[in-house]
Amino acid sequence: MADRITGRPPKAETEPEAMTLDEAIAHSFAIYDRVLAAFPVVATVGLFSGGNDSVVVNHLFRHRVDAIAHINTGTGIPETTQHVRDVVAAWGLRLHELHPRHSYRDLVLGNVLATRGKNIGRPVWKGFPGPAGHSVMYRRLKDEPLQRLRGQIIGKRGRSRNVVYLGGMRWAETDRRFRNAEEVDREGALIWVSPIVHWTDAHMREYRARHRCTLPHQHAEHLLCTPNALPLNEVTVHLHMSGECLCGAFAKPGELDEIEYFYPHAAKPHRELEREVEAAGLTACKWGQRPPGPRSRRRPAGRLCAKCDGIEGQADLLADWRESGLITDAQFATFTSTDEQRAA
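Conventions we followed
- Residues numbered from 1 in each chain as written.
- Predicted model: local features only at pLDDT ≥ 70, side-chain atom pairs only at ≥ 80, totals over all residues.
- Heavy atoms only, no water.
- Helix = DSSP H or I, 4+ residues; strand = E, 2+ residues; numbered from the N terminus.
- Polar contact = N/O pair within 3.5 Å; in protein donor to acceptor, adjacent residues only side chain to side chain.
- 1 Å grid on protein atoms, 1.4 Å probe; cavity = no way out; pocket = protein on both sides within 12 Å on 5 of 7 lines; lining within 4 Å.
- Points joined across faces, edges and corners; volume = space filled by probe spheres on them.
- Axes fitted to C-alpha atoms, helices over the stretch in contact; angles between N-to-C directions.
- Parallel < 35°, antiparallel > 145°, perpendicular 65-115°, else oblique.
- Left-handed = near helix turned anticlockwise from the far one by under 90°.
- Contact = heavy atoms within 4.5 Å.
- Nonpolar A, V, L, I, M, F, W, Y, C, P; charged D, E, K, R; others polar.
- Pairing = 2+ DSSP bridges.
- Buried < 20%, exposed > 50% of the residue type's maximum accessible area, 1.4 Å probe, protein only.
- Phe/Tyr/Trp six-rings, centres within 6.5 Å; stacked < 30°, edge-to-face > 60°.

Participant: What should I look at first to understand the environment of Thr236 in this one?
Facilitator: When you line up the elements, Thr236 lands in helix α8 (residues 234-239). Between the alpha carbons of Thr236 and Thr80 there is a distance of 8.7 Å; along the sequence they are 156 residues apart. At a separation of 3.4 Å, a polar atom in the side chain of Thr236 contacts the side chain of Asn52.

As structure tokens, then:
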């Protein structure tokens, strides 16, 4: 068996739109089963942000995972973290609530110093992040806790003991996600699996309609009215995002005002930090605003930041898929054309 399993875009065989929901579900389980057959997996952990896509993948796999992991970044909306706690408890699963080693406040104030490389002893970042700072925030707030959990599970026996992280990344989320998301991506002893990567928005809507309680009665908290009910996080209803990480690197104009309207207690720390950063004399003193000065080259977004904008410099897999025959020239042209070109 090959050391690495790569995801194939279903465009080469069956259009995702042509799959029924049951076929899409069957393919999701097949992706996971293929990983179990290829590698010695000692634990499968569902990654649950509290968002709409992550709740679907964890609901679908709740009987096949060993635990759920939620990253409490320290920047997010507390109601989302509480939602995850309540739902995982209702499912009877173990929850790993992870915390970053360094706080968002210390990162923004420049208190976190590099411990290796040419910048050793210097701050890894200063001020609020714009797009250029997203990779720093992702690595420190999300990836580091997940890597630490992997180490706790497998110890030093990498490759002979693998951990699977199940995420809710989908090709249909954005054009960039279609180009770069893979069904399976192995990183040492860590195997990232995106079992609903091929699901369309229509599949997601149908799954929610099939499993979410719509009975005309007094609903249980999080709509967990029956053992098989699909939960609902009210934060996603208000903000159309999970709100588990509010680093602000890709915030839209007025986003903090919107958060403040529904969840003033979640916006308050960021407002206070703005004043603290300004008092410290740092130029990037506004949350959610691109720092002043020349634009830096942006690095790829992390796997768990599904709703972040497309990032310049990411590897584009479409050309590779075309060259290897996974998609046709016509499909390549369709996927890479602009909206104006498609409308012409």
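Now, onward.
Participant: Would you mind showing me how to read empty space enclosed by the protein here?
Facilitator: Rolled over the atoms, a probe as big as a water molecule pinpoints where empty space is left. The tally for this structure, following the rule as stated, stands at one cavity of 30 Å³ or more. In this structure, the largest cavity occupies an estimated 30 Å³ of space. Around the largest cavity sit Gly50, Gly51, Asn52, Val55, His83, Arg212, Pro231, Leu232, Asn233 and Thr236, which together line it.

Participant: Sorry, what's going on with the packing of helix α2 (residues 52-60) against helix α7 (residues 201-211) here?
Facilitator: For any two helices packed against each other, the geometry is given by the interaxial angle and the distance between the axes. Here α2 crosses α7 at 60 degrees, and the two axes come no closer than 11 Å. When the interaxial angle is binned, α2 and α7 end up oblique. Regarding α2 and α7, the two cross each other, and that crossing is left-handed. Here Asn52, Asp53, Val56, His59 and Leu60 of α2 lie close against α7, whose contacting residues are Met204, Tyr207, Arg208 and His211. Residues belonging to the contact of α2 with α7 are distributed by class as follows: four nonpolar, three polar and two charged.

Participant: Please clarify how the sheet that holds strand β1 (residues 41-47) should be interpreted in this entry.
Facilitator: Pairing between sheet strands relies on hydrogen bonds along the backbone, with the strands arranged either parallel or antiparallel. An order of β3-β2-β1-β4-β6-β5 is seen for the six strands of this open sheet, with the pairing classed as mixed. The sheet terminates laterally at β3 (94-98) and β5 (184-187), the two strands that pair on one side only. Neighbour-to-neighbour, the strand axes of the sheet open up by a mean angle of 25 degrees, direction not taken into account. Where β1 and strand β4 (residues 162-166) come together, five bridges link them in parallel fashion. Of the residues in β4, the one forming a bridge with Ala43 is Val163. Contacts between helix α3 (residues 78-91) and the sheet are confined to β2 (67-71) and β3, with β3 contributing the most and set at about 160 degrees to the helix.

Participant: What exactly am I supposed to notice about unusual backbone geometry here?
Facilitator: Comment: phi is negative for the bulk of residues other than glycine, and the bulk of peptide bonds are trans. Phi is positive for His222, close to 65 degrees, though the residue is something other than glycine. The residue His222 is located in the loop between α7 and α8 in this model. In the Ramachandran plot, Leu223 falls in the positive-phi region, its phi being about 60 degrees despite a non-glycine side chain. Looking at Leu223, the relative accessible area reads 17%, which means it is buried.

Participant: I keep staring at the packing of aromatic side chains and nothing clicks. Help me out?
Facilitator: For any pair of aromatic rings, geometry is given as the distance between the ring centres together with the angle between the planes. Following the criterion strictly, the structure yields eight aromatic pairs and no others. A centroid spacing of 5.5 Å and a plane angle of 75 degrees characterise the contact between Tyr165 and Trp192, whose relative ring orientation is edge-to-face. One end of the pair, Tyr165, is in strand β4; the other, Trp192, is in strand β6 (residues 190-193), with 27 residues separating them in the sequence. The pair Tyr165 / Trp192 is uniform in exposure class, with both members buried.

Purely geometric stuff here, so don't read any function into it on its own.
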